[in-house]
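Here is what each chain is made of, one letter per residue.
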Amino acid sequence: MRPVTAFGPDFPFAYDDWLTHPGGLGRLPPEALGREVAVIGAGAAGIVAGYELMRLGLRPVIYESGRFGGRLRSETFEGSEGVIAELGGMRFPVSSRGFFHYVDRVGAESAPFPNPLTEAAGSTVIDLEGETVFARTAADLPPFYAEVARAYGRALEEGARFSDLQAAIRARDALRIKEIWNPIVRDWDERTFYDFVASSEAFRALDFRHREVFGQVGFGTGGWDSDFPNSMLEILRVNLTELDDNQRYIKGGVEQVLHRLWRHAADCAHWPGGTTLAGLNGGATRSRAVRIAREGADLAVTDRWGRTDRYGAVLVTCQSHLLTTSIAVDEALFEQKLWMALDRTRYMQAAKTFVMVDRPFWKDIDPATGRPLLSMTLTDRITRGTYFFDNGPDRPAVICLSYSWMTDALKVLPHSAEKRVELALAALAKIYPGVDIASHIRGNPICVSWESDEDFLGAFKGALPGHYRYNHRMFGHFMQDGMDPAQRGLFMAGDGVSFTPAWVEGAVQTALNAVWGIMNHFGGRSAPENPGPGDLWQSLGPVALPE
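Since the structure is predicted, the reported quantities are computational estimates derived from the model, not experimental observations. For every chain, the first residue of the written sequence is number 1, and numbering continues from 1 onward in sequence order. Under the rules for a predicted model, residues below a pLDDT of 70 receive no local features and side-chain atom pairs below 80 are neither given nor counted, while totals for whole chains, interfaces and linings still include all residues. Excluded from the side-chain calculation are hydrogens and water; included are all heavy atoms of the structure.

Caption draft 1: Structural context of the packing of helix 3 (residues 97-105) against helix 18 (residues 504-521). Interhelical geometry of helix 3 versus helix 18 gives an angle of 85° and a closest axis separation of 7 Å. The pairing of helix 3 with helix 18 is recorded here as roughly perpendicular in orientation. Of helix 18, the residues touching helix 3 (which contributes Arg 97, Gly 98, Phe 99 and Tyr 102) are Val 504, Glu 505, Val 508 and Leu 512. Under the convention adopted here, Pro, Cys and the residues Ala, Val, Leu, Ile, Met, Phe, Trp and Tyr are nonpolar, Asp, Glu, Lys and Arg are charged, and Gly plus all remaining residues are polar. Split by residue class, the contact of helix 3 with helix 18 holds 5 nonpolar, 1 polar and 2 charged. Axes, fitted as lines to C-alpha atoms, cover a helix only where it is in contact. Angles between the N-to-C directions of the axes lie from 0 to 180 degrees. A run of DSSP states H or I qualifies as a helix once it reaches four residues; a run of E qualifies as a strand once it reaches two. Both are numbered from the N-terminal end. Throughout, the term roughly parallel applies to angles under 35 degrees, roughly antiparallel to angles over 145, roughly perpendicular to angles from 65 to 115, and oblique to all others. Every residue pair with non-hydrogen atoms within 4.5 Å of one another is taken to be in contact.

As structure tokens, then:
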């Protein structure tokens, strides 16, 4: 059986095939070679786009407001050698073929992520309303949990023709996908995830407790109650493309993938052998972009120190709200309907609390129970999700004491790192009485609250009901031939522009859309035998809902 990949469903274009085709992504006319393009943001979208623009023969100039890597942020514990906390993206589904294309290209290694009930986790504890269940696999759980899982499976079949859609995704049958998916968009854009669950025949036949446990424990990586207010389309995409299944982590930290790509010498048009993004940028990114303005046929970008440079095209990959709060963007560069989409984009909160410990002591066997001292833990307490990362028996290990979203993330927002650790330890002590986690902690904790970072203002987009039209405007903005000439040349990318926010594959796919758009803007074309996303947009593009 063919694997499920992130192929659609809104725009079923094979980005991985486009990337690996021997015909390449396309060619620019001679007069465009060597032209500078500003790329604002050195996260996944910015670096991927910059790398491919370089390969086409353009000169990407990278601006970064804060830290290289964006939300692929791997923080090293002070005093350690390569012991890291993944503050942003930390688990990457194998269906993310575009992202893993670059992981493989730079030689980074991955391993199974220790999600609940997986072999990598070893064991899992579910603690709800003070009752604790221990399991190594889903088969070890009480029958009640199987009832919840079966109900959700039936709801997906009933409300979304799940098996038919996923079969079409496996087969990469783009027309079949659109035949099934487009009516679902019309039916479910203005309805929530919770509505989908609660109104399904499968869950209506059960009591409230089943829906409650579904929200607390969920499916795949844990509870999804924080997503209950979101548009159901957001969740369907995750399920259909298996973004919440079969996930891996990057050994040594995911941030290194972007650093390696920054320094990776690739075969390029125009540029000599050995050219790298780092080399084209003098070994360092520019500083924060504070203004984007039209100057004749060009776009002018001003950095925080007052330097202004003109470019034939600009790609912005930052969080959309920064375009009205941190960067002075001429209003005429986007049409008002697009400004509405950018400003109304809703972002979700997320918080993580990590500690380094002396060793993977959680694997020690409790003689009284015959079980590990600690297990991957899902709970309704303040920690929500607790994960364990083993770097080997003779090396310091890492515990993500808490990974929480929305209201649970806001509960700890005012608190220091030390206070967050205390709160997490107090919650875990009620689940594992007698286990002294604190005695194993070494060094300082590492925490993050993405909503308090001025460069992010949230962890990732979470589209509300009725936001599909906004998403369509943002995702399709790279198609600029029919736009007012005064608005051409400014492109967008990033997972927040994609239909799959919170997943790096969305950043990669929108980056590649922008690469095609910029190539087209400069008069370039895809190879006839390897059409790009813009070449197939008219036939495969997302369904347009009436305004």
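Caption draft 2: How the structure looks around the packing of aromatic side chains. Any two of the Phe, Tyr and Trp rings considered here, Trp counted by its six-membered ring, make a pair once their centres fall within 6.5 Å; the pair's planes then place it as stacked at under 30 degrees, edge-to-face at over 60, or tilted in between. Scanning all chains against the criterion turns up 33 aromatic pairs. Centroid distance Trp 362 to Phe 388: 4.9 Å. Interplanar angle 45°. Geometry classified as tilted. Of this pair, Trp 362 sits in the loop between strand 16 (350-357) and strand 17 (376-379) while Phe 388 sits in strand 18 (residues 385-389), and the two are 26 residues apart along the sequence. Comparing Trp 362 with Phe 388 shows no difference in burial state: the two are buried. Note on exposure labels: buried denotes an accessible area under 20% of the residue type's maximum, exposed denotes more than 50%, and partly exposed covers the range between, all computed with a 1.4 Å probe on protein chains only.

Caption draft 3: Layout of the packing of helix 6 (residues 174-188) against helix 10 (residues 232-240). Running from N to C, helix 6 and helix 10 cross one another at 150°; their axes reach a closest spacing of 9 Å. Along the contact surface, helix 6 presents Trp 181, Ile 184, Val 185 and Trp 188, while helix 10 presents Met 232, Leu 233, Leu 236, Arg 237 and Leu 240. Split by residue class, the contact of helix 6 with helix 10 holds 8 nonpolar, no polar and 1 charged.

Caption draft 4: Structural view of the pattern of salt bridges. Salt-bridge detection follows one rule: a side-chain nitrogen of Lys or Arg within 4 Å of a carboxyl oxygen of Asp or Glu. Counted by the stated rule, this structure contains 38 salt bridges. For Arg 310, the salt bridge identified is with Glu 295, shortest N-O distance 3.7 Å. Placement of Arg 310 in strand 12 (residues 308-311) and of Glu 295 in strand 10 (residues 289-295) is noted, with a sequence separation of 15 residues between them. When its relative accessible area of 46% is taken as the criterion, Arg 310 is described as partly exposed.

Caption draft 5: Region of the structure containing the pairing of strand 10. Pairing of strand 10 with strand 11 (residues 298-303), which is carried by 6 bridges, proceeds in the antiparallel orientation. From the neighbouring strand, Ile 292 faces strand 11, where its bridge partner is Val 301. Two successive antiparallel strands, strand 10 and strand 11, enclose a turn made up of 2 residues, where Gly 296 displays a positive phi of approximately 65°. The pairing of strand 10 with strand 14 (residues 328-329) spans 2 bridges and is classified as parallel. Each residue of the ladder has a partner; that of Ile 292, found in strand 14, is Val 329. Two strands form a pair only when DSSP identifies at least two bridges running between them.

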